Amino acid sequence: MQLDSLYQEVILDHYKRPQHKGLAATYDAQVHHVNPSCGDEITLNVALDGDKVAAITWDGVGCSISQASVSILSDLLLGKSISEADLILNNFTELMQSKGTMVGDDAILEDAVAMAGVSKFPARIKCALLGWMAYKDAVVQAQAKL
Ligand code: ZN
């Protein structure tokens, strides 16, 4: 897999120094998602404060793409309103489905644009999306409790 070297660096940086890794003891919802095709696993806790994403913590094992992607999202979506986070999530999903035709909007996606090249590799898209799908699931469950 060939990724742009700058983007490769962003991904490796998140992989080596993951953000918000380590599950918080208190949360509104906890989910566990797996990507059997690669062996990636992510447990993700989310806490809401009204309509704001108050905390995202996670733990996981797997390839650098899956672990870097969840690190990026936990930083990017933290403190956003749920609707802002949804917009970012939809934007990222669209990028992952673009088969390499989109570069991504870094004003919206920030570090997540580093994943753009992954969309050219169908086998790895699930790796990149795993944490995002876990986040989406967790927020739906957390909202159901409100
Ligand atoms: Zn993977």
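Scroll up for the structure.
In short, a report on the structure. Values in this document were obtained by computation on a predicted structure and should not be read as measured data. (Residues numbered from 1 in each chain as written. Predicted model: local features only at pLDDT ≥ 70, side-chain atom pairs only at ≥ 80, totals over all residues. Heavy atoms only, no water.)

The helix and strand tally for the protein chain stands at five helices and three strands. The order of helices and strands in the protein chain, counted from the N terminus, is α-β-β-β-α-α-α-α. Taking 15 Å as the expected radius of gyration for a compact globule of 146 residues, we find that the protein chain reaches 14 Å, a close match to that expectation. By principal-axis analysis of the C-alpha atoms, the protein chain measures approximately 45 × 30 × 25 Å. For the protein chain, with 146 residues in total, the buried portion stands at 45%. In the protein chain, the proportion of contacts linking residues at least 24 apart, taken out of those at least 6 apart, comes to 59%. Accessible surface, the protein chain: about 7300 Å² in total, of which carbon and sulfur atoms supply 52%. (Helix = DSSP H or I, 4+ residues; strand = E, 2+ residues; numbered from the N terminus. Rg over C-alpha atoms; globule rule 2.2 N^0.38 Å. Buried < 20%, exposed > 50% of the residue type's maximum accessible area, 1.4 Å probe, protein only. Contact = heavy atoms within 4.5 Å. Areas by Shrake-Rupley, 256 points an atom, 1.4 Å probe, with all protein chains shown as cover.)

One finds L44, V46, F92, M115 and Y135 to be the most contacted residues of the largest nonpolar core, which totals 43 residues. Contributing elements (two or more residues each) for this core: strand 1 (29–35), strand 2 (40–49), strand 3 (52–61), helix 2 (64–76), helix 3 (82–96) and helix 5 (122–145). Ranked by the residues each element gives to this core, the list is headed by helix 5, at 11 residues. (Core = buried A, V, L, I, M, F, W, Y, C linked by side-chain atoms within 4.5 Å.)

Protein ligation of the zinc ion involves C38 (SG), D40 (OD), D40 (OD), C63 (SG) and C127 (SG), the donor distances falling in the range 2.2 to 2.7 Å. According to the relative accessible area criterion, C38 is partly exposed, its value standing at 34%. Relative accessible area serves as the criterion here: at 1%, D40 is assigned to the buried category. (Donors = N, O, S within 2.8 Å, 3.2 Å for Na, K, Ca; no water.)

Turning our eyes to something else, we now look at the pairing of strand 2. With respect to burial, strand 2 is a largely interior element, eight of its 10 residues being buried. Across seven bridges, strand 1 lies against strand 2 in antiparallel orientation. In the sheet register, Q30 faces strand 2, and the bridge partner there is N45. Remark: four residues form the turn of the hairpin made by strand 1 and strand 2, two consecutive strands paired antiparallel; G39 in that turn has positive phi of roughly 90°. Summarising the sheet, strand 2 and strand 3 pair through nine bridges and their orientation is antiparallel. When the bridges of strand 3 are listed, E41 appears paired with V61. (Pairing = 2+ DSSP bridges.)

The next thing to look at is the environment of M133. The topology assignment puts M133 in helix 5. What M133 contacts, discounting residues up to four positions off in sequence, is H33, L89 and T93.

Further remarks concern unusual backbone geometry. The phi angle at H20 is positive, at roughly 60°, despite the residue not being glycine. Summarising the element assignment, H20 is placed in the loop between helix 1 (5–16) and strand 1. By relative accessible area, H20 is classed as partly exposed at 29%. Although it is not a glycine, K99 sits at a positive phi angle of roughly 55°. Assignment of secondary structure puts K99 in the loop between helix 3 and helix 4 (106–109).

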